Amino acid sequence: MYMERGVYPYFREIDSAQDTEVMMDGKKVLMFGSNSYMGLTHDERIINAAIAATRKYGTGCAGSRLLNGTLDIHIKLEKELAEFIGKDEALCFSTGFTVNEGVIPQLVGRGDYIICDDRDHASIVDGRRLSFATQLKYKHNDMEALERELQKCEPDAIKLIVVDSVFSMEGDLANLPEIVRLKKKYNATVYVDEAHGLGVFGRNGRGVCDHFGLTEDIDLIMGTFSKSLASIGGFVAADKDTINWLRHNARSYIFQASNTPAATAAAIEALHILQTEPQRQENLWKITNYALKSFRDAGFEIGDTESPIIPLYVRDTDKTFEVTKLAFDEGVFINPVIPPACAPQDTLVRFALMATHTKEQIDFAIEKLIKCFKQLDILK
Ligand SMILES: Cc1ncc(COP(=O)(O)O)c(C=O)c1O
């Protein structure tokens, strides 16, 4: 139906470098739909690192980490990530999705509990579904609801709380200080997904756990390379025994081919850049604060976001697709978000910033979005 109406927004083809401006379906548009928060996907140093690793090791590993697929650069990346995050050890997977899918079910068994925020990412939901534990959910960021779920659990069972640190569609943060307080009160375990926190929050982009000074209190921290680290892959960091258990039990680690040399070398280089170029994170925050204020001043409903992910609420699926198409025609690419990525009454377009966006690009986009939102009566 959306195809017939010419507003189908998916699978548009990019045939240019991926930066703040891209060629998409033959048209030049400003990119406000990327997760490349550091703006590093076309960085010459990262490209060269990927090329050098490909020349040295080849294009693929043709095996899983357990058997023939471990390279010295996989180990180097794991060591550097563990140190960066502040945990004993880290384990790298071929995607962030398969970190959650493979790790979560290995942390709990029959008679235990997994407790999730109802806006957790799909990969967490899939990991939860693969476990034999009792599955509990609480209303998004409602700490009293979380406590009620904890009270339902057998005191001696494992109670694993799993949350996104930054919610990927709404841009708000998990209330980690309160989650840690409840963890201590109920003797629970906490697993935090830093997919959208890495690079953006904390010292040199260590993430939201670091931002709150809670790294030690969070038992497991996962992250992905597909956003701030300009590559693909993911990791989980935790204490030595937990990582050793996962290394020998997480199915998506053992039964999946290991990450490519190019992707691994790119993530290493990006991690170095994160630590040596704090100006990227600073610039991201400068333009984020600028955009947040501009959207609020223009009257957009942007919810509780505290990050470079800015949800522009539409609250109507048809209009969400229509406004995405109008914006595209005006030269602004944004992502439509509809169920199951959000609740039916909460449809939105997701406007995301990169450290490399300029104020002029943001001004241009906001001006066009005001026009499109007014045309559809979403903005008065
Ligand atoms: C919160 C969250 N966790 C995990 C993932 C999966 O990571 P990847 O796409 O790098 O496999 C995503 C991806 O969008 C995400 O947003």
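Data block above holds the structure.
To keep things clear, this report deals only with the structure shown in the data block. (Residues numbered from 1 in each chain as written. Predicted model: local features only at pLDDT ≥ 70, side-chain atom pairs only at ≥ 80, totals over all residues. Heavy atoms only, no water.)

Section: the overall build of the protein
- Within the protein one finds 13 helices and 13 strands.
- Relative to the globule expectation of 21 Å for 380 residues, the C-alpha radius of gyration of the protein, 21 Å, shows essentially globular dimensions.
- Of the roughly 16,300 Å² that the protein leaves accessible, carbon and sulfur atoms contribute 50%.
- Separation between the mean location of the 43 positive side-chain charges and that of the 55 negative ones in the protein comes to 1 Å. (Helix = DSSP H or I, 4+ residues; strand = E, 2+ residues; numbered from the N terminus. Rg over C-alpha atoms; globule rule 2.2 N^0.38 Å. Areas by Shrake-Rupley, 256 points an atom, 1.4 Å probe, with all protein chains shown as cover. Lys, Arg positive; Asp, Glu negative; His and termini not counted. Charge placed at Lys NZ, Arg CZ, Asp CG, Glu CD.)

Examining empty space enclosed by the protein
- All told, the structure shown has 3 cavities of 30 Å³ or more when counted by the stated rule.
- In this structure, the largest cavity spans a volume of roughly 80 Å³.
- Cys92, Phe93, Ser94, Ser258 and Asn259 are, among the 14 residues lining the largest cavity, the residues nearest its centre.
- Mapped onto the lining of the largest cavity, the elements with two or more residues apiece are α2 (72-85), β3 (89-93) and α9 (251-254). (1 Å grid on protein atoms, 1.4 Å probe; cavity = no way out; pocket = protein on both sides within 12 Å on 5 of 7 lines; lining within 4 Å. Points joined across faces, edges and corners; volume = space filled by probe spheres on them.)

Examining the sheet that holds strand β10 (residues 309-313)
- Spatially, the 3 strands line up as an open sheet ordered β10-β13-β12, and their pairing is antiparallel. Where the open sheet ends on each side, the last strands, each with one partner, are β10 and β12 (335-337). Taking each pair of neighbouring strands and ignoring which way they run, the sheet shows an average axis angle of 35°.
- Sheet topology note: the β10/strand β13 (residues 348-352) ladder contains 5 bridges and is antiparallel. Paired with Tyr313 across the two strands is Leu348, which belongs to β13. (Pairing = 2+ DSSP bridges. Axes fitted to C-alpha atoms, helices over the stretch in contact; angles between N-to-C directions.)

Here's the deal with the sheet that holds strand β11 (residues 332-333)
- Spatial strand order, β1-β2-β11: 3 strands in an open sheet with mixed pairing. Of all strands in the sheet, those bounded by a partner on one side alone are β1 (21-24) and β11.
- Where strand β2 (residues 27-31) and β11 come together, 2 bridges link them in parallel fashion. Looking at the pairing, Leu30 lines up with Val332 of β11.

Brief notes about the layout of surface pockets
- Estimated volume of the largest pocket: approximately 1,200 Å³.
- Surrounding the largest pocket, 49 residues form its lining, Asn35, His121, Ser168, Met169 and Lys227 being those nearest its centre.
- Contributing elements (two or more residues each) for the lining of the largest pocket: β1, α3 (96-103), β4 (113-117), α4 (122-129), β8 (220-224) and β12.
- The element contributing the most residues to the lining of the largest pocket is α4, with 5 residues.
- Of the residues that constitute the lining of the largest pocket, the class distribution is 20 nonpolar, 16 polar and 13 charged.
- Looking at which domains feed residues into the lining of the largest pocket, each of domain 1 (21-31 + 278-375) and domain 2 (44-276) supplies at least three.
- Approximately 260 Å³ is the volume attributed to the second largest pocket.
- Across the lining of the second largest pocket, the residue classes break down as 4 nonpolar, 3 polar and 7 charged.
- Counting the residues that make up the lining of the second largest pocket, at least three belong to each of domain 1 (21-31 + 278-375) and domain 2 (44-276). (Nonpolar A, V, L, I, M, F, W, Y, C, P; charged D, E, K, R; others polar. Domains from an automatic or database assignment.)

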